[in-house]
Amino acid sequence: MSQLSTGTDYAALAAHFRPLFDRIAEGAVERERSRTLPHEAITWLKEAGFGTVRIPKEQGGWGASLPQLFQLLTELAEADSNLPQALRAHFAFVEDRLNQPNSAERDRWFRRFIDGELVGSGWTEIGAVKLGDVITRVTPVANGWTLNGEKFYSTGTLFADWIDVYARRNDNQGDVIALVSTHQPGITREDDWDGFGQRLTGSGTTRFDNAHVEQEHVFDFATRFRYQTAFYQHVLLATLAGIGRAVARDGAKAVAARNRIYSHSNGDSSRQDVQVLQVIGEITSLAFAVEATVIRAAHSLQSAYEAHLSSDEAQLLAVNALAEAEAGQAQVIASELVPRAATELFNAIGASDTRISKALDRHWRNARTVSSHNPVIYKARDIGGWKVNGTPPTGIWQIGRGEG
């Protein structure tokens, strides 16, 4: 019987990592200004065992529940919103292993994570890829597999020891996940992500040129954990919630420190101006609402995880549909409220706070970039169909060129 990660002492868990989050936050603005990838911060997290938060206590991890994981990722995102997204593929692969039966192979993966190894992402292909097609291919050879192809949006791969690659087998055309080690010459990783936000997530191009994959590291995609789409979305939701907290934090600090006032203001300082205080109160409330929504939705995800051992297919369909629907509802809220809060911030501070040196614009840019993943318009449509017609929300989906 698999050990379930149903929760730990969150106060102790957070207390272990919060000093590290503070160190990460201290360098966030400078990393943003100089576009310095957070290799050092990732190393700190690895050394502190951050990648083991979901691994059961009996196997050396923290045994945190999913709501606890996403609360912790929210705190990390407040420090630097690039980092939870950079670790998105890692926690997803850990989650997939948690959903698999006990085995020596699964134990080996857990030991790797306890040793600090991390997983990055290699799923999305760009260019002339037809919808439903997979150009990245794995081919069986005498000592395992060879992997060839190219991925973009390969988030976290620049920091990773392994890459979780979505590919197609050349022998039987089956879709698979290949876990490929980055410590080999057959892999090229480029820092060419040029988005206006989340610039330090390591989300560029990864190329595979006859990269070697161990025999046991290719998994049938059909065995992937069922609530994966909702899980991936929750990492982005936690990132948005953390950005909201950072907006409220930086707004309050800026107002408290501001000495200059306008002749038609409402007090002798910004901190006594009732209209300015109102803006900070509204921003803080928006951030609170988003965080509460994200935590609420994470409980249905935990229910889907705990139900994975059930043989009741109707129950599995129901809990997974609910997890997907609640993740979608949270996305609709977070995608609207966090960019709004990041814009309202500038109503409470002055023109001098728009200087590049302060990098306060990063909050809106980062929130808007995160909100552009998994188009929110389709999530809202799915929720309407689920509520009105009982149609399960879209689970697995792909992107590519249509036939028109």
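Computed from a prediction, not measured in an experiment: that's the story for all the values here.

(A) Structural view of helix α1 (residues 10-26). Over its 17 residues, α1 runs 24 Å from end to end, which matches the ideal 24 Å to within 8%, given 1.5 Å per residue. The principal kink in α1, of about 35°, is found at F17, preceding the proline P19 by one to four residues. Among the residues of α1, Y10, L13, A14, F17, L20, F21 and I24 are the ones counted as buried. The inward-facing, buried residues of α1 abut α2 (28-34), α3 (39-47), α4 (66-79) and α5 (82-86). Where α1 begins, the capping side chain belongs to D9, and its oxygen is found 3.1 Å from the backbone nitrogen of A11.

(B) Broad picture of the pattern of salt bridges. Counting across every chain of the model gives 26 salt bridges. In this structure, E125 engages K151 in a salt bridge whose closest nitrogen and oxygen atoms are separated by 3.2 Å. One end of the pair, E125, is in the loop between β1 (119-122) and β2 (137-141); the other, K151, is in strand β3 (residues 144-151), and 26 residues separate them in sequence. By the burial criterion, E125 is buried, and K151 matches it. With a closest N to O distance of 3.1 Å, R207 and E150 form a salt bridge. Here E150 lies in strand β3 and R207 lies in strand β7 (residues 206-213), a separation of 57 residues in the sequence. Through salt bridges with shared partners, one network takes in E32, R199, D361 and R365.

(C) How the structure looks around the nonpolar core. Counting 62 residues, the largest nonpolar core has F50, F70 and F231 as the members making the most contacts within it. Contacts of F70, omitting those with residues within four sequence positions, involve F231, H234, V235, A238, A298 and L301. With 29 residues, the next largest nonpolar core counts V276, V279, A334 and A367 among its residues.

(D) Molecular detail of the side chain of D164. Note that D164 resides in strand β4 (residues 162-169). Judged by relative accessible area, which is 1%, D164 ranks as buried. A distance of 3.0 Å separates polar atoms of two side chains, one belonging to D164 and the other to W123. At 3.0 Å, the side chain of D164 and the side chain of R224 are in polar contact.

(E) Structural detail: the pairing of β7. Inspection of the sheet shows β3 paired to β7 by six bridges, in the antiparallel sense. Among the inter-strand pairings, E150 is bridged to a residue of β7, identified as R207. Examined bridge by bridge, strand β6 (residues 187-189) and β7 share three bridges and lie antiparallel to one another. Its bridge partner being in β7, R189 is matched across the sheet by T206.

(F) Fine view of the pairing of β3. Pairing between β2 and β3: five bridges, direction antiparallel. Within the sheet, the bridge partner assigned to P140 lies in β3 and is W145. Where β2 folds back onto β3 in an antiparallel hairpin, the turn is made up of two residues.

Thresholds, definitions, all that
- Residues numbered from 1 in each chain as written.
- Predicted model: local features only at pLDDT ≥ 70, side-chain atom pairs only at ≥ 80, totals over all residues.
- Heavy atoms only, no water.
- Helix = DSSP H or I, 4+ residues; strand = E, 2+ residues; numbered from the N terminus.
- Expected span 1.5 Å × (residues − 1).
- Bend = angle between axes of the 7 residues up to and from the residue.
- Buried < 20%, exposed > 50% of the residue type's maximum accessible area, 1.4 Å probe, protein only.
- Contact = heavy atoms within 4.5 Å.
- Polar contact = N/O pair within 3.5 Å; in protein donor to acceptor, adjacent residues only side chain to side chain.
- Salt bridge = Lys/Arg side-chain N within 4 Å of Asp/Glu carboxyl O.
- Core = buried A, V, L, I, M, F, W, Y, C linked by side-chain atoms within 4.5 Å.
- Pairing = 2+ DSSP bridges.

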